[in-house]
Amino acid sequence: MIDLKGEEDFEGNFEDRSRDLQAEIEAGRIAEALVFASSQPVSEGFLAERLPEKTDVHAIMLRLKEQYAPRGVNLVQVEGAWAFRTAADLSFVIRRDDNEVKKLSRAALEVLAIIAYHQPVTRAEIEDIRGVQTSRGTLDVLMEAGWVRFRGRRRTPGRPVTLGTTRDFLDHFGLEELRDLPGLEELKGAGLLSGRIPANFNIPSPLMNDELTEDEDPITQMDLEELGLLAPRGTSED
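Procedures and definitions
- Residues numbered from 1 in each chain as written.
- Predicted model: local features only at pLDDT ≥ 70, side-chain atom pairs only at ≥ 80, totals over all residues.
- Heavy atoms only, no water.
- Helix = DSSP H or I, 4+ residues; strand = E, 2+ residues; numbered from the N terminus.
- Expected span 1.5 Å × (residues − 1).
- Buried < 20%, exposed > 50% of the residue type's maximum accessible area, 1.4 Å probe, protein only.
- Arc of directions from axis to C-beta.
- Pairing = 2+ DSSP bridges.

(A) A look at helix 3 (residues 57-68). For helix 3, spanning 12 residues, the distance from its first C-alpha to its last is 17 Å, which sits close to the expected 16 Å at 1.5 Å a residue. Within the span of helix 3, buried status applies to Val 57, Ile 60, Met 61, Leu 64 and Tyr 68. For helix 3, the angular spread of buried residues about the axis comes to 95°, placing them on one side.

Here is the structure:
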């Protein structure tokens, strides 16, 4: 005797799985289009707002990342957001345009490295580490490149501004997050550190997230005006 009910259940389950698979494929296509159309890395929160309810956005993105891994364009994660980038092994064939950030000076590279590893860090702390004064022009170059930003204000006398890196910094150097910064042994292997460095020399572990620390206050409207980043309220710029 044929079990018609069992056959109907099987067909029903098959149809459900088929619909689920089609829904996943469509969600992947939408996510792919959204990331491709954006000039900036796209957060999973942004994608979740535009994909069908209950979509596992992270799982969708990991599958897309795997699909693009062998291609000339890769899907990469940058500080929790997603972007399409030229495969690292093909970057040499891409012609850079005239708007590329000019080559950084040695001083700018030193300051950028200190900020990356020691953030949140103040200008005075940078100068203490380097042993020399840091010109405003050096910081301006890093900020114009979009790699360094004002984070907050330190809860110490004078309330100095703290500096940190940006998502564009991670994106430019091919890092998913700050913990991917090279460690001491990697820097030695790349020839970026002398073999005669002091025995007690160490590189601090970078921040694991971008949140303000306990000794930092957020930057306010008044702070931005004081730093010259905004025109004072009640006035207008020409």
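(B) Up close: the pairing of strand 5 (residues 148-154). Along strand 5, 6 of the 7 residues are buried, which leaves the element largely enclosed by surrounding structure. Where strand 5 meets strand 6 (residues 161-165), 5 bridges bridge the pair, whose relative direction is antiparallel. Considered in strand 6, the bridge of Arg 153 is made with Val 161. Counted between consecutive antiparallel strands, the loop separating strand 5 from strand 6 contains 6 residues, among which Gly 158 sits at a positive phi close to 90°. Relative to strand 7 (residues 216-218), strand 5 runs antiparallel, the two sharing 3 bridges. When the bridges of strand 7 are listed, Arg 153 appears paired with Asp 217.

Such coordinate-based values are descriptive only and should not be taken to indicate function.
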